[in-house]
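Report on the structure
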Amino acid sequence: MSDFDDYVYSSRRRDLIEDFANGALTGDVGTIRRLWSQYSKELGGSRGIFVVDNTAFPRVPLVGDKDFGRSGFLRCWMAGNRLILIRQESEDFRFSSPIYCDSNFVSLCGAFSAGRDLGTLSGDFKQAIEELLPYASHASAYPYLFETADNSNRDKVRESLLGFACFKLTTPEQFAKTGRFVSRDETSFPDEIADEAMKVTSGPDFATLAKWAANRFLWAKLTLTKAALIHFDRPQASAGSKLFALLEFLHGELARLHQFDIYAAFRFFEFTLNEPFFRGLQRNSPKRNDVLRAMAWDLTHWRIILELLTVESWRSASVPFPIPHFLSFDRGFVSLLESFQFRGLIYDVDHRRPEFFFKRDLLEPVSNLLAKKCAKFYSRESMADRSQRVKSIGDSNEKLREVNSVREASLEGVITKR
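All of the points below concern the structure found in this document. Just so you know, these numbers come straight off a predicted model, no measurement behind them.

Some remarks on helix α12 (residues 259–271)
Given a rise of 1.5 Å per residue, 13 residues ought to cover 18 Å, and the 18 Å separating the end C-alpha atoms of α12 matches this to within 8%. By the criterion of burial, α12 is predominantly enclosed, with eleven of the 13 residues buried. Buried within α12 we find Gln 259, Phe 260, Asp 261, Ile 262, Tyr 263, Ala 264, Ala 265, Phe 266, Arg 267, Phe 268 and Phe 269. Taken from the residues just after α12, Thr 272 is the one with a positive phi, measuring 45 degrees.

Digging into the sheet that holds strand β6 (residues 99–101)
Spatially, β2-β3-β9-β6-β7 is the arrangement adopted by the five strands of the open sheet, whose pairing is mixed. Each edge of the sheet is formed by a strand with only one pairing partner; in this case those strands are β2 (66–68) and β7 (139–140). Pairing of β6 with β7, which is carried by two bridges, proceeds in the parallel orientation. Counterpart to Ile 99 in the pairing with β7 is Ala 139. Helix α5 (residues 122–132) rests against β2, β3 (72–76), β6 and β9 (325–328) of the sheet, and its axis sits at about 140 degrees to β2.

As for the packing of aromatic side chains
According to the stated counting rule, one finds 39 aromatic pairs in the structure shown. Considering the side-chain rings of Tyr 142 and Phe 146, the 5.4 Å spacing of their centres and the 20 degrees angle between planes classify their relative orientation as stacked. Residue Tyr 142 and its partner Phe 146 are located together in helix α6 (residues 142–147), separated by four residues, close to a single helical turn. Residue Tyr 142 is classed as partly exposed on the basis of its relative accessible area, which comes to 32%. On the accessibility criterion, Phe 146 (5% relative accessible area) is buried. Measuring from ring centre to ring centre gives 4.7 Å for Phe 217 and Trp 297, while their planes differ by 20 degrees; the resulting arrangement is stacked. Pair noted here: Phe 217 is in helix α10 (residues 204–233) and Trp 297 is in helix α13 (residues 288–315), with a separation of 80 residues, a long-range link.

What to know about the sheet that holds strand β11 (residues 353–358)
Pairing is antiparallel across the open sheet formed by four strands, whose spatial order is β4-β1-β10-β11. Both edges of this open sheet fall to β4 (83–87) and β11, since each of them pairs with a single strand only. Averaged over all adjacent pairs, the angle separating strand axes in this sheet is 10 degrees, with direction ignored. Relative to β4, strand β1 (residues 47–51) runs antiparallel, the two sharing five bridges. Within β4, the position partnered with Val 51 by the bridge is Leu 83.

Things to note about the nonpolar core
In terms of nonpolar packing, the biggest core is built from 133 residues, with Phe 20, Phe 50, Phe 105, Phe 125, Phe 167, Trp 302 and Phe 358 touching the most fellow members. With 15 residues, the single largest contributor to this core is α10. Here Phe 125 is in contact with Phe 105, Leu 108, Cys 109, Phe 112, Leu 118, Phe 181 and Phe 329, once residues within four sequence places are set aside.

Calculation rules
- Residues numbered from 1 in each chain as written.
- Predicted model: local features only at pLDDT ≥ 70, side-chain atom pairs only at ≥ 80, totals over all residues.
- Heavy atoms only, no water.
- Helix = DSSP H or I, 4+ residues; strand = E, 2+ residues; numbered from the N terminus.
- Expected span 1.5 Å × (residues − 1).
- Buried < 20%, exposed > 50% of the residue type's maximum accessible area, 1.4 Å probe, protein only.
- Pairing = 2+ DSSP bridges.
- Contact = heavy atoms within 4.5 Å.
- Axes fitted to C-alpha atoms, helices over the stretch in contact; angles between N-to-C directions.
- Phe/Tyr/Trp six-rings, centres within 6.5 Å; stacked < 30°, edge-to-face > 60°.
- Core = buried A, V, L, I, M, F, W, Y, C linked by side-chain atoms within 4.5 Å.

Written out as structure tokens, the structure is:
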């Protein structure tokens, strides 16, 4: 699913999204090709990839899912590796497997490169390095760069980036022989790469990207904070009732419904502490805001990565289709990623945004609520209403910070009243 309200209201667009969501669930090659032809005008130069059930299509040799001990995890965002790549007049299948590394991994690279003890993570981290070095050229520290954009300790940021550069420059043979990364004493390249990364983060282009990421973060933080407020205030209410209250707030106050954040909130309403990602979000936790902040950044990385890849696809349709992977030392977020793997993914180059279609076990319970209990928020009238009101409400970072501050104060009030 996608964020309907990021578009000027279009019933045709809604039909496209719903039809492809249903088609992706079937895994039927003929259905997917028929839909692509049916919506060829709307899709334009877009490219899509879908999990299919037809054994005539070979399994794609992706980097794929890997576990590194009990602490490290690599996950592909597709729900299978029997795939069809489709675009106008071509199904030429060339792909890439970019690996986006979370802040924990980049920080661990900095500590490891500096010779510090990684404690209980040491064995799992070294296993991750051994298995990832053949794919090190695919690794990206973008999530770390966005998350630390406002970190005043630039020396600490540079140290982590230096360690990450040493990781990427180390060969599997070197690591097998020495058990460490190449050092800055052996080559000047790590310092040059780290300095260039620091230079990039201080430039105007990155400032634009960082502001973009901050907007996505504030939306995620606001949605999760409101979800927590609803849950703590009405713990016995059904997941459907809680979702209705969240949609009512977003519809009324901000005139935007960001689907991915809403799906994450639904997982919280439905499973609460049984979903590992949300276990730290407890009523009496003294670090609720820190937990919400970390969770919001996780959701932001997920979303911004897809948007960045769509921009890259817009720049050149000749580049291999990027099938994203995420490397994390956060078991909770990985469990959420597993729930949110795609049956289909379209890089919509004309609108410069992704469309993504989830697996049945995630899609169906939410879709049932959106079709019945929460249907009013997705009626054509409500969508048209939001598309008009959002022009005056806006979603500037300043506006979102203001609304989020009010919600945080409300959350503290709920906790105090207990």
